[in-house]
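Letter by letter, the chains look like this.
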Amino acid sequence: MHTKQDIVILAIESSCDDTAAAVMVNGIIQSNVVATQKVHEQYGGVIPELASRAHQQNIIPVVDRSLKDAGISKNEISAVAFTRGPGLLGSLLVCSSFAKSFSLTLGTPLIGVDHLEAHVLAHFIDGNSPGFPFLCLLVSGGHTHIVKVDSPDKMEVIGKTLDDAAGEAFDKAAKMMGLPYPGGPHLDTLAQKGNPGRFAFPDSRVGDLDFSFSGLKTSILYFLRDEKEKNPDFIEQNLNDLCASIQHTIVSYLMRKLIKAIKQTQIKEVAISGGVSANSELRKVAANLAEKHGWNLHIPALQYCTDNAGMIAMAAHFKYLENRFDDQSVVPFARMK
Ligand code: KG4
Ligand code: ZN
């Protein structure tokens, strides 16, 4: 049984296609439950209306499981936290409405959390936390950002993608080669048996610390089309080398921008998160660079890298410490603030 002094946070996340809930007590994670929606696989991408409907079905069992896993009863909760945005509006409405009703019923404070800030603060969940200031490369299916983090409530986006996210680049390339959705992990597995130097793809020359993946996508599309005209079995015969070459192009591009950000800011505390941080080459190359350049590299456990409610709880814990609560008039936001 927790006392009144304990900070017990129930956090709920439903910004895209994962319904998640977590419980955190005094900054220590107690449960982290995620229901991944399989319904989108057959369409090769997330269908917003199906995502909202699946959140509606999943949210009560997921919250229930997170409380049971943590051994917490409803009356022990000190605050209810939820993802305000950015994300799919219909999906965000599910966690925000649920959290608002729950906090009203329990009579506890309500905390709305920015999804991107939560990804950055996920680095504080499992012990190997970066010191401030640090740089965070956030790479997932929805985000590609470089964030300069001075404190839990002072962050600045110093670089971001102008079009697709890095995960989308992996997924779209994989789709063009006939791999199942989401293609990133499949491409990674095949790439391990291929030659990364076999095919060269250009990367975009957008300014400074920003990213662009649309040019790469187009060049892969035309390259595959031209090669298939000459040999219809080109993809099947060269799949491993294609995967390795595409992966190498994306990872080198991400690392070049990260190196540039580190040079500009002179910050050597470096953190990487988001689903793409699971990529085996990204992890290997980042670890080698860290050793070579003397960076302190932090990559959280994968369950806190991909969309999860543990990171929402962590961000809410920092807000709770500063009494930064929301009232019932709080509304979700679909786009980045
Ligand atoms: O963080 P996440 O689970 O969800 C979003 O917020 O988007 O990231 C999912 C993305 C997908 O695009 C997926 O293909 C990519 O992360 N991903 C990978 C790998 N594992 C997941 N991309 C490349 N290599 C991987 N091993
Ligand atoms: Zn995310």
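Quick caveat: nothing in here was measured; it's all calculated off a predicted structure.

**As for helix α6 (residues 214–230)**
Right, on to step 1. Taking 1.5 Å of rise per residue, the 17 residues of α6 would be expected to cover 24 Å, and the 25 Å separating its terminal C-alpha atoms lies within 8% of that figure.
Right, on to step 2. The complete set of buried residues in α6 reads Leu-216, Ser-219, Ile-220, Leu-224 and Glu-227. Seen along its axis, α6 keeps its buried residues to an arc of 130°; they face one direction.
Right, on to step 3. The elements touched by buried residues of α6 are α4 (166–176) and α7 (234–265).

**Some thoughts on the domain arrangement of the chain**
Right, on to step 1. Along its sequence, the chain is carved into domain 1 (8–121 + 305–321) and domain 2 (130–300).
Right, on to step 2. Between the C-alpha centres of domain 1 and domain 2 there is a distance of 27 Å.
Right, on to step 3. For domain 1, the biggest contributors to the area lost against domain 2 are Leu-116, Val-120 and Cys-305; these three give 44% of the whole.
Right, on to step 4. Remark: the boundary between domain 1 and domain 2 carries 2 residue pairs in polar contact (both at pLDDT 80 or more).
Right, on to step 5. Element by element, the count of residues in the side of domain 1 that touches domain 2 is highest for helix α3 (residues 115–121), at 6 residues.
Right, on to step 6. A breakdown of the residues in the side of domain 1 that touches domain 2 according to their chemical character gives 7 nonpolar, 6 polar and 2 charged.

**Remarks on the site of ligand 1**
Right, on to step 1. Surveying the vicinity of ligand 1 reveals 18 residues, the closest of which are Gly-141, Asp-171, Asp-188, Gly-275 and Asn-279.
Right, on to step 2. With respect to ligand 1, the backbone of Gly-275 contributes an N or O atom lying 3.0 Å from an oxygen atom.
Right, on to step 3. Relative to its unbound accessible surface of 550 Å², ligand 1 loses 86% to contact with the protein.
Right, on to step 4. Elements with a contribution of two residues or more to the shell around ligand 1: α4 and α5 (184–191).
Right, on to step 5. Of the residues assigned to the shell around ligand 1, the class counts are 5 nonpolar, 10 polar and 3 charged.

Criteria and cut-off values
- Residues numbered from 1 in each chain as written.
- Chains lettered and ligands numbered in written order.
- Predicted model: local features only at pLDDT ≥ 70, side-chain atom pairs only at ≥ 80, totals over all residues.
- Heavy atoms only, no water.
- Helix = DSSP H or I, 4+ residues; strand = E, 2+ residues; numbered from the N terminus.
- Expected span 1.5 Å × (residues − 1).
- Buried < 20%, exposed > 50% of the residue type's maximum accessible area, 1.4 Å probe, protein only.
- Arc of directions from axis to C-beta.
- Contact = heavy atoms within 4.5 Å.
- Domains from an automatic or database assignment.
- Buried area = accessible area lost by both parts, 1.4 Å probe.
- Polar contact = N/O pair within 3.5 Å; in protein donor to acceptor, adjacent residues only side chain to side chain.
- Nonpolar A, V, L, I, M, F, W, Y, C, P; charged D, E, K, R; others polar.
- Near = heavy atom within 4 Å.
- Areas by Shrake-Rupley, 256 points an atom, 1.4 Å probe, with all protein chains shown as cover.

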